[in-house]
Structure formats: structure tokens, C-alpha cells
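# Examination of the molecular architecture
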Amino acid sequence: MATGTLQFVVNGHGALLTCLFLIHIGHVHCQQFLIPFKAPSDCGQKEFFDISSLSCAKCGENQRQSTTGLSCICLPGYKTTNLSSDKGPVACEQCPTNKPAVTKDGFGCIRCPGSLNEEGKCQCSSGNILVERDVNGNLLDEATCKACNSDSPALSVPNISGDKCEKCQATFINTSCMCTSPNVLAGGLCFPSGGLSTNVNPSVNYAQLKFSIQSAWFEENLYSSAAACLLFSNLTACQALGNMCVMNMHSVSSVANDACGLFNTIFSSKTTLSSVQGIAYWKANLPWLYYGNEPGLASRVLQTDPVPVSFSLRGTKKNTDLRLLVAIYNVRGDFLRWEQVGGSNLQFCPESATRQAAAFSFGTAYQQSCDLSVAALLVAHPEPQFYDVFMDVGGQNKNLLPLPTLVQNQQYNGQYINQGTMKNWYLSRRVFLVDTLSGREKSLSSSPKVIRVATTITIRFQLVPRTQVGQIYPPLVSVSYTDVLITDINTQTVSLSFAVEYEMSQTDARTMTDTALGVLGGLALICTLLRTASYKRRIASALIDMATIGKFLLFFAGDLANAFFAVTVGTGLYWLIFYKAQMFVSVLLPTPTQEERFVTYIGCAFAFKAVQFLHELYLQVSVDIFLIDWERPRSKPNRSVQGATDTQQDSSPVSIWRTYFVANEWNELQTIRKICPTFQIVAVLFFLEVLGFSNLALRDPWSTLERLPQAYTPPYSLVLRYGVAATLWLCIGLLQVIFFTVFYEHFVEDKIRQFVDLCSVSNISVLLLSHTCFGYYIHGRSVHGHADTNMEEMNNNLKRERESLCGQRGLVPNSDIQTFQVSINRNLRSQFDRIQGSLSRRNRPSRLMDASTANLSELQFRAYNTMNHFLGSFIDHGLSEMDYVVRDKLILERILGMEFMEASDKSLFYNDEAHSFSNVLFYGNESLLLIFDTLFFCVVDLGSQNFVLAAVLTYAQQTIFGFLRNSLGRRNLVNKTLVDQRFLI
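Residues numbered from 1 in each chain as written. Predicted model: local features only at pLDDT ≥ 70, side-chain atom pairs only at ≥ 80, totals over all residues. Heavy atoms only, no water.

Named according to an unreviewed UniProt entry, the protein is Meckelin isoform X2 originating from Austrofundulus limnaeus.

Dropping the structure here:
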């Protein structure tokens, strides 16, 4: 027990110590370390900034802060004796009185031949050098001043350190190193008088801000660069002068002494010199800045000679790499390096290397944009760099093609010349990205008042027309600069963009499109004339009035919409197939500007189709309809009266429920379609968004459906987007129609034929008049004579009919044809209108069992019975003055959709086995609805660039118009047939 207790105690102390240790460790790790912020400028004169502790440390005795602030140096009169000691990094000792001066290296004391400077060191007069050591490096007791011989043949002057004589600059005269009057000393060079006027204009014009400034850089370097270039053909001076012209936007004016004026003057003076690389615009010793100012030169440069390279997208000869190089110069005219275009040399925006590399894959439309702060631009670009862009076209010697540049800001005599048509363009060379130098006014060390930024850089590739091997014209580099007035660099931002675009002449495509539209438009006009003629015949009117013109325009809108739709879908499919499947590049997509006409065509198709749809909707909800009840009262025996010898017969009333049942079925038929709208929308979205068919609409030549997340995604082409969406919508819709008509109606149910059968079983016929004197008739007269019967008799009747033990259902004896197109004469229509006028009613009872208001007027009952009797007599040939004949339509009549014979004396019934009465329903206008839905979906998508939104809005419009069609059609059915709306369910 004792042992166990002792062990417990020990373990308890151990646990306590462990807890205390962990608490201590927790305190250590949770402690926050704070240090004060110090910068070199915060340190005093006798302090330096310690880069190790990031704080200010005191200098040693007899020391002060160095010019950098990062170390200490000895005071004047003190020499350095130790670089590392216990007391500090530097130890200083005062020089003796007999050697009061400190040597230039600071490690010795010496007597001076003359005076001392502020640093306590010896100094010599101008033209002399200071000698402190002998040739063996031994320190002299007294320094000496040696004069440099500036006369010929020595022609020497002190170097910049003042400790060595060197030959003076070559521009000085041969007899002396002094630049004496009237010669001009500028930029360290001596220029002879009269070579170039010293009156130069160092101003930089900021046209967007509407002011100019006197640039400190131009004041210091413009004259010397121009003079050295003109008089001495100095290569770097010529490059520096060209750079200053580029900083002035290549602009030319009547002022001949600004940067570009001086450059052009020198260029003109060197016309006798040979051209560089055989290029007339590139003179020896000068940079190539301009292509010339001949009218039409831009089009000759850009659209005459193809680039000697072919681009192929697939196969063994695949070539999609765009190899662009830039020759980079600094602002002083020094050549820095050759560099491959890519990465960040022409692209400001931070992006992954994979995405940036996509810009130089041929055929991929590239766009990159971002906002950068002005402070970041000032830090990253303290001086501008200049780029001459070339294209590597291969060959044994790696030939380079210089790319022309179009500077949007370039002016000629104060007018922008590169923002109009190509014939007025002035092509140039050399660009820069950011100029933070020329906007400095007083001195180069001051902050810039204005900076100039290349906010838009676009490289355009144009395909050679009718090429089959992927040839292009010389690419064009288009640059647009923005002048940014500096106000607050910490809050100011600049919007930047870089793009690579591809285009081809759309003349041939536009000609083919316009030709197709003209041909189809002509056919549409012919169809409209035929439809108008058919309409006039069907309303039995030969007068051309305003109503006729209105109908013509409505018909023409629908036919013209079909023409526009066919052209746009065909165009979208053409670009989708030929652009995405080509091997050698032969076609390129229309640019967004070139797509405007195509979008206009789509807008016209949608607008015209919407007019046709609304017109058809109005016609369907205003069609005249009447249900003819063939049932007659059946007599039934009364109970015998006691004492009477005869039994009295009473007739049973005809049931209205058959009429209500047929009316309900017709009401349900009004909005059925051959496609399922919900399935249509879901299927289209599934293909576009889930399977990735939307990627086929991207502006690149690849037909892959899946894209990696880290890969660059080009913008969408409106032509391809419309082509993909419209094709998918039509294909899925057509597949649904085929499935519905071929399989569903044959093996599941055919609601149209079922309705005709229902009419026969119910002993109800339906007369539909879609025009004044034209319509449709469904013959539903029962072959059994009665339909108000019990179940047993109904089954027996159907069995007799199935076993052919009774007559056929057709209107004509020995015929099964029950549906007809009817063309009635004016007499019949007039009588129909007179009777129907009394059928119209406005007020209905609000409740099913409201007996006080449920009774219809006696006049309406009589009118209903009169109409039923009148139409029944007409169908039974009981009206000799209003008789009809049954015939087949001619094939040409069926094709043209019109009747050649006019119903003058007798009405005409045309056999119609195609059940064309569905033309007054959604069912018979599926093509109209399918095209309208397609256009609606595509128009919303083109406007929003969002397939999901387009699908949602399309579903909404289908629901809304379906509701309107059902509600208005129901109302029309109630008004025209006298069926109580409370029994329509």
C-alpha cells in the first residue's frame, strides 16, 4: 500500500510540473512581438540605419551618416583606421596638423598643394588632376596637381573622377578640348555653329488633356540628340531622338523644331544615304518610325503581299504558333536585347503563363483587361522602354517581318488621322508601354505631372481572301494611349487591355448572305401574294382595301421571318462547321463589328415572327365554332291511365352532357403541342451547359467540348453561339416531333383522332370557321342514330361497328372520311351570322347552383336550337338554296393552300384526311411555335450571354402565352357554343 501511495505522489508532482511547463510554453507561443517602424530618413545626422535590426543606430566618435544613410563615415579631417572593432564597424583618427587633408580613399593623411574642399580633401583647379600616390602606390607626403594637355596631339582632359587624364570627346575641335564660341556645348558634346539651330521646342503635347508641358527630359536631351544625329550620325543619339518622337505620339505639325519635326528634317537630309535592309522608309543610322505619307499606303502595306508562312490547325503540318520578337531600346537610345513577345513585355495584367501563352496560338481570339494603380506603374516603369515588333517567319536565316503600328493618338496638324478609314492611316513603327519621364517639368528628379500609358494594345491578323493554305497579310499592332493627370497616385487607377484579333474580308460571305436573303425574300413575297389571294377568296371578297393591305403585311412579316431565320441558321451552321473543322486555315470568324449585320438579321427574324405569332394567336381565339348535336328526343311510354284504352307516349329530353363533354375535350386540345416544352428546355440546357456544347461557340478553332479550368477561355462568337443554340433547339424539337408523330401517336395516343372518334360516339359534329367563308367540319353523326344510351347499348353499338354490321362514319355513304375543309357561300354565312348574333351573351352566373340567375334567356335557347337545326339541315342537304358538294382537293390546291373554285351557288366540302382543323390549334402550328421559341431563346441569350437565363425566360413566355391561349380560347368557346363555362374543367 505504501509503495502504491508513493508512486501516486510522484506521478502527481510530475503532472503538476508538466502542466506548469505547458502553461509556460503556451504563454511563450502566444506572445505578440511588436517593433517600431523606422526608415533611413528617420535617422539623425549621427545615426545610421542598421539593416540587421531595422532600426537607427548611433555612429561612433568623430563620425557622421553617409549619403546612403546605411553606414557611417568619418568627419572631415579624420581618416579611417579600422573597419571592424569592438567599438563599431568604423574607427576614425584625426589627421595631424602637418598633414591636415584626408586622401580620396579616406585611409591616409596628406598635405595639399592648394586649398581643401568641404570634405577636407585636396582639390585642384580646372584642367588638373590630383596625384596622391606614386606609380608603385606609395602615399606621397604632399599631393600634387598635374595639368592635362588639352592641345594637339594629346587632347586630354581630366576624367570624371579627376584623378586621370583621358582623351577628350571626338566632337571637340582638333586644336583644343575646349568648346569655344561660336561652337555649342550640349550633352557633353561640342557642336559647330550653324549645323542645327539651338531653338528647339522641348514641349510634349497631351492632346487628351488639352495642354502641353515643357519636358525636362526634352530640354536636356532634344537638341544634343538631334545635333549628334544630324552632324555626327551618332547611332544612340538618333535612336534617342526617335524615342522622343515616339513619346510625342509620332505626331507631325507645322512646327519643325519639335521632336518629330527634327526627326523628319534629319530623315529628309539623308535621302541620299542607302536604305537599311532594302526598306525605303528605313535610312542608315536612323530608327524606322514611319512608313510614309503616300495616299493609300496603309492598304498596300496591309493588304497586298501575304506573309510567307502558312498556318494549319491539324495534321502533320500543324502550325499554330505565332512567333513575335521585339527589339528593345532604352530611352537613351541604347539597344538592350531581343526578346520573345509573351509574358509581360506587352501585357500589363498579371496572369498565369498558360493563359498568356494562349494569345499567341493562331486563331484564338484573346482579350485581357485589368485595372492597375498609378503608383504601381510609377514603380515598375521609372523610364520608358521602346519596342520594335517583328514576326519570325522562319527560313534558313530566321527571317523577320517588321509589323506596322497604328497609333490611335497620332495627329497631323492637330487632327487625329488614324481613327478614320484605312485610306487616311499613317502607319508607323516603335511603341512604348508607360512614359513616366516626359511628363516631368522642372527636373528629372521631380515627380511627373502627367504619365502616358498604352491602355489598349491590339494585334490584328487578317486572312488572305480565298486562301486554302492559311496565309495571312502582315499583322497590325494597334495602340491607343491615355494621358493620366497625376492627382493622387495612391487612389488613381488605369484600365488596361491587350487583345489579339483575327479577321477576314466578309465581302464574299456578305454577298452570299444577301443573295440568299434576296432569293428567299422573293419567294416569301410570292408566298405572301398567294396567301393573300387565298385569304381574299376565303372571305369572299375581291375588293383590295386597307384590311387587305394589313393582312398582306401580316402575312409578309411571317414569310419574311422564315426567310431571315433560314438565312441566319444557315449562316451560323456554315461558320460552325467550316471554321471548327478546317485543317488549313481558310476562313476566320466575323469580328464583333462584322457580326452587327448578322445580329440585325436575327432581330428582324424575331420581330417579324413575333408579329406572325401574335396574329395567329388572335385568329385562334376568335375562330367561330359551333357544336351540332344530332341527337333527337326518344319517345318513352307513360303509365296507363286507369280506364283508358290507349297508352300515351312522352319524349325524353336530349342530354346536354355529351355537348359539355365534347366542349371540354376541345378546350383541352387548344394548347397541346407535338413537343414537350419543359423537356425541350431541359434537354437544350443539358447539351449546352453539362455536355459543354457551349464551348463550340468560343472564338478559337478547337472543337473540344471540355476545357481545363486553368486554360484560357476566349470570348464567345455571336454567330457561333446563335448557330449552336438554334441548331440544338431545332434538332431536339424535330426529334420530339418525329417521335410524337411516328411513335407516340401510333402506339400511345393520338388526341386529334381520338377527338374525332369522340364526336362520332357522342353524336356531335363540329363546325369551325376560321375565315368568313372558310373553315373546317368534323362529322360526328353517330351511325347508330342515338348516343344517349346505357352502357350495354353503347357496347353493343361499338361491337356492331367493329364487326361492320352498320354503316360507316363518313359524311358520304360508304366513306370513313369525317373531317373536311369547307368553303361556304355568302348566303350560308349571312344566315349563320344572323342566328349567331342572338347567341352572344355577356353575363354568366357566378355560382353553379344560383337558380335565380342560372336560367338562360328564352331567346338564347331558341337561337341555339335554331342554329343546331339550321346547320343540321344544311349538312343533311335539307336546304336546297344552301346545298353543298363534296370533292377532293387538287394536288396544286393542297400545295398552294388555296381553293381554285369559288363557292358561289353551292358550298364546297373538301375531303381532309390530314385533320387540318388542327390549324386553329397550337397542334397544327408547331413549326411557327418552334421557330418562335428558338428565336426567343437565342435573342435573350445573345443579349445576356447566359443560356440559363434564356431558358428561364423562354419557359416563362411559353407559360404566359399558353395561359393566354387557353383563357381566351375558353372564353371564345363559351361565347360561340353557348356552353356554360362552369362546366369546362
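### Let's talk about the overall build of the protein
From N to C terminus, the protein includes 21 helices and 39 strands. Computed over the C-alpha atoms, the radius of gyration of the protein is 48 Å, more than 25% above the 30 Å expected from 2.2 N^0.38 for a compact globule of 985 residues. If one aligns the C-alpha atoms of the protein with their principal axes, the spans along those axes are about 175 × 115 × 60 Å. When each of the 985 residues of the protein is scored for burial, the buried share is 45%. Restricting the contact set of the protein to residue pairs at least 6 apart, pairs at least 24 apart contribute 65%. Taken as a whole, the protein presents about 49,900 Å² of accessible surface, with 57% of it coming from carbon and sulfur. Charge separation in the protein, taken as the distance between the mean sites of 78 positive and 79 negative side-chain charges, equals 2 Å. (Helix = DSSP H or I, 4+ residues; strand = E, 2+ residues; numbered from the N terminus. Rg over C-alpha atoms; globule rule 2.2 N^0.38 Å. Buried < 20%, exposed > 50% of the residue type's maximum accessible area, 1.4 Å probe, protein only. Contact = heavy atoms within 4.5 Å. Areas by Shrake-Rupley, 256 points an atom, 1.4 Å probe, with all protein chains shown as cover. Lys, Arg positive; Asp, Glu negative; His and termini not counted. Charge placed at Lys NZ, Arg CZ, Asp CG, Glu CD.)

### With respect to the domain arrangement of the protein
Along its sequence, the protein is organised into domain 1 (37-167), domain 2 (184-270) and domain 3 (297-504). The C-alpha-based centres of domain 2 and domain 3 are spaced at 24 Å. Each partner contributes residues to the interface: domain 2 has 27 residues there, and domain 3 has 36 residues. Summed over both partners, the interface of domain 2 with domain 3 buries about 2,800 Å², with 58% contributed by carbon and sulfur atoms. (Domains from an automatic or database assignment. Buried area = accessible area lost by both parts, 1.4 Å probe.)

### Concerning the side chain of Thr528
Turning to its location among the elements, Thr528 is positioned in helix 8 (residues 507-538). What makes Thr528 buried here is its relative accessible area of 0%. Of the polar contacts made by the side chain of Thr528, one reaches the side chain of Asp559; its length is 2.8 Å. Setting aside chain neighbours within four positions, we find Thr528 in contact with Phe552, Phe555, Phe556 and Asp559. (Polar contact = N/O pair within 3.5 Å; in protein donor to acceptor, adjacent residues only side chain to side chain.)

### Brief notes about the UniProt feature "transmembrane region" (unreviewed entry) in the protein
UniProt's entry tags residues 553-578, 679-698 and 718-743 with the feature "transmembrane region" (unreviewed entry), counted in the numbering of this structure. For residues 679-698, the helix share is 60%, the strand share is 0%, and the end-to-end C-alpha distance is 26 Å. Secondary structure across residues 718-743 divides into 100% helix and 0% strand, with the first and last C-alpha atoms of the span separated by 36 Å. (UniProt positions renumbered as here; feature names shortened; annotations may be inferred.)

### Here's the deal with the side chain of Glu899
Mapping Glu899 onto the fold places it in the loop between helix 19 (891-896) and strand 39 (907-911). At a separation of 2.8 Å, a polar atom in the side chain of Glu899 contacts the side chain of Arg538. One polar contact links Glu899 to Lys889, side chain to side chain, over a distance of 2.9 Å. Beyond its immediate sequence surroundings of up to four residues, Glu899 is in contact with Arg537, Arg538, Phe774, Gln821, Lys889, Glu893 and Tyr910.

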